[in-house]
Amino acid sequence: MRIRNILQGFLLAFWISLPSAISTPVQSRVQVGIVQDFHQQSKDLACMNEVMFFESRNQSKEGMKAVLTVVLNRKQARGFPSSICGVVQQAQQFSYRDGIKTGVVIKPQPKNSVDKAALRRIQSLSHSVVQGTFKPNLPKEVLWYTKHSVKKSWMRDMTVVARIDSHKFLSEN
């Protein structure tokens, strides 16, 4: 009985001394603050994979990071949804989602070895966000991007902050 009490005391002391990130497995220490629990983490991963696959699979790793940075910047910005999936599924933001209902996640379907390699890079970047190791490559004010050739009236009050691969990344003046 005495050994049992000593063991219980030791285990309790050990448990209390654990950092909260270890003792609370559903919590995450993510710098960009997107993950609350495992279910939300899974949804966010799926939405990040979706948007990067359809918007940047033919871009370099820097181009993929820039697209992901815009999504993360929007999540933190006023006037945009406060979740990754909310940003990705917001109406009239990404042309590949035209006609797709909110709440529906499109699973990337690689058609060839190039797409498969791109999806592996995309998944790695998505996981780096969840793990808190993702380093944005654009300032937090960059909330829009488009192909170089696009010229729209809404872009008049914008500044091109960066040109990466076939996209230009913009912020408001």
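Numbers given for residues are sequential positions, taken from 1 along each chain in its written order. Given that this is a predicted model, residues contribute local features only at a pLDDT of at least 70 and side-chain atom pairs are listed and counted only at 80 or more, while totals for whole chains, interfaces and linings are drawn from all residues. Only heavy atoms go into the side-chain values, all of them from the structure, while hydrogens and water stay out.

1. Observations regarding the overall build of the chain
Going along the chain from the N terminus, every DSSP run of H or I of four or more residues is numbered as a helix, and every run of E of two or more is numbered as a strand. Along its length, the chain carries six helices and three strands. Classification of residues uses two cut-offs on accessible area relative to the type maximum, computed with a 1.4 Å probe and protein chains only: under 20% is buried, over 50% is exposed, and between them is partly exposed. Looking at the chain as a whole, 39% of its 173 residues qualify as buried. The contacts of the chain with a sequence gap of at least 6 include a subset with a gap of at least 24, amounting to 59%. Computed with a 1.4 Å probe, the accessible areas rest on the Shrake-Rupley method; for each residue, only the protein chains presented here act as cover. Entry remark: accessible area of the chain is about 10,800 Å², with carbon and sulfur atoms responsible for 54%. When checking whether two residues touch, look at their non-hydrogen atoms; a contact exists if any pair is within 4.5 Å.

2. Section: the packing of aromatic side chains
A pair of aromatic rings is counted whenever rings of Phe, Tyr or Trp (Trp by its six-membered ring) have centres within 6.5 Å, and the orientation is called stacked for planes under 30 degrees apart, edge-to-face for over 60 and tilted otherwise. One pass over the structure, following the stated rule, counts six aromatic pairs. A centroid spacing of 5.5 Å and a plane angle of 35 degrees characterise the contact between Tyr145 and Phe169, whose relative ring orientation is tilted. Here the residue Tyr145 occupies a position in strand E1 (residues 144-147), and Phe169 occupies one in strand E3 (residues 167-172), the gap between them amounting to 24 residues. Its relative accessible area of 11% is what places Tyr145 among the buried residues. Classification of Phe169 as buried rests on a relative accessible area of 0%. Each ring is checked for a lysine NZ or an arginine CZ that lies within 6 Å of its centre and within 35 degrees of its normal; such an atom marks a charge sitting over the ring. Its guanidinium or amino end placed over the ring of Phe53, Arg57 lies 4.4 Å from that ring's centre, counting from NZ or CZ.

3. Describing the state of the cysteines
The disulfide criterion is simple: two cysteine sulfur atoms within 2.5 Å. Overall, the coordinates contain one disulfide when judged by the stated rule. A disulfide bridge connects Cys47 with Cys85, and the sulfur atoms are separated by 2.0 Å. Handedness of the Cys47-Cys85 disulfide follows from its S-S torsion of about 100 degrees: it is right-handed. Of this pair, Cys47 sits in helix H3 (residues 38-56) while Cys85 sits in helix H5 (residues 84-89), and the two are 38 residues apart along the sequence.

4. Quick word on the nonpolar core
Take the buried Ala, Val, Leu, Ile, Met, Phe, Trp, Tyr and Cys residues and link them wherever side-chain atoms come within 4.5 Å; each set so joined is a nonpolar core. Formed by 33 residues in total, the largest nonpolar core has its most connected members in Leu68, Leu138 and Phe169. For this core, the secondary structure elements donating two or more residues are H3, helix H4 (61-76), H5, helix H6 (113-131) and strand E2 (158-164). Ala77, Leu143, Met158 and Leu170 belong to the second-largest nonpolar core, a separate cluster that totals seven residues.

5. Some thoughts on H4
Each turn of an α-helix holds 3.6 residues, which means side chains three or four residues apart point in the same direction. Taking 1.5 Å of rise per residue, the 16 residues of H4 would be expected to cover 22 Å, and the 23 Å separating its terminal C-alpha atoms lies within 8% of that figure. In terms of burial, H4 is largely enclosed, as 13 of its 16 residues are buried. By this rule the span expected of a helix is its residue count minus one, scaled by 1.5 Å.

6. Remarks on the sheet that holds E2
Strands sit in the order E1-E3-E2 across an open sheet of three strands; the sheet is antiparallel. Each edge of the open sheet carries a strand with a single partner, namely E1 and E2. Neighbour-to-neighbour, the strand axes of the sheet open up by a mean angle of 30 degrees, direction not taken into account. Between any two strands, pairing holds if DSSP finds at least two bridges. Sheet topology note: the E2/E3 ladder contains six bridges and is antiparallel. Within E3, the position partnered with Val160 by the bridge is Leu170. Here an axis means a line fitted to C-alpha atoms, over the contact stretch when the element is a helix, while the angle between two N-to-C directions is reported on a 0 to 180 degree scale.

7. A look at the pairing of E3
Of all six residues in E3, five are buried; the element is thus mostly enclosed. Sheet analysis places E1 next to E3, joined by four bridges and oriented antiparallel. Pairing of Lys147 across the sheet is with His167, part of E3. Connecting E2 to the next strand, E3, in antiparallel fashion are two residues, including Asp165 with a positive phi near 55 degrees.

8. Some details on H6
Taking 1.5 Å per residue as the helical rise, H6 with its 19 residues ought to reach 27 Å, and the 27 Å between its terminal C-alpha atoms agrees with that figure. Among the residues of H6, those classed as buried are Asp115, Ala118, Leu119, Ile122, Leu125, Ser126, Ser128, Val129 and Val130. Where H6 is buried, its residues contact H3 and H4. Just beyond H6, the residue with positive phi is Gly132, at close to 80 degrees.

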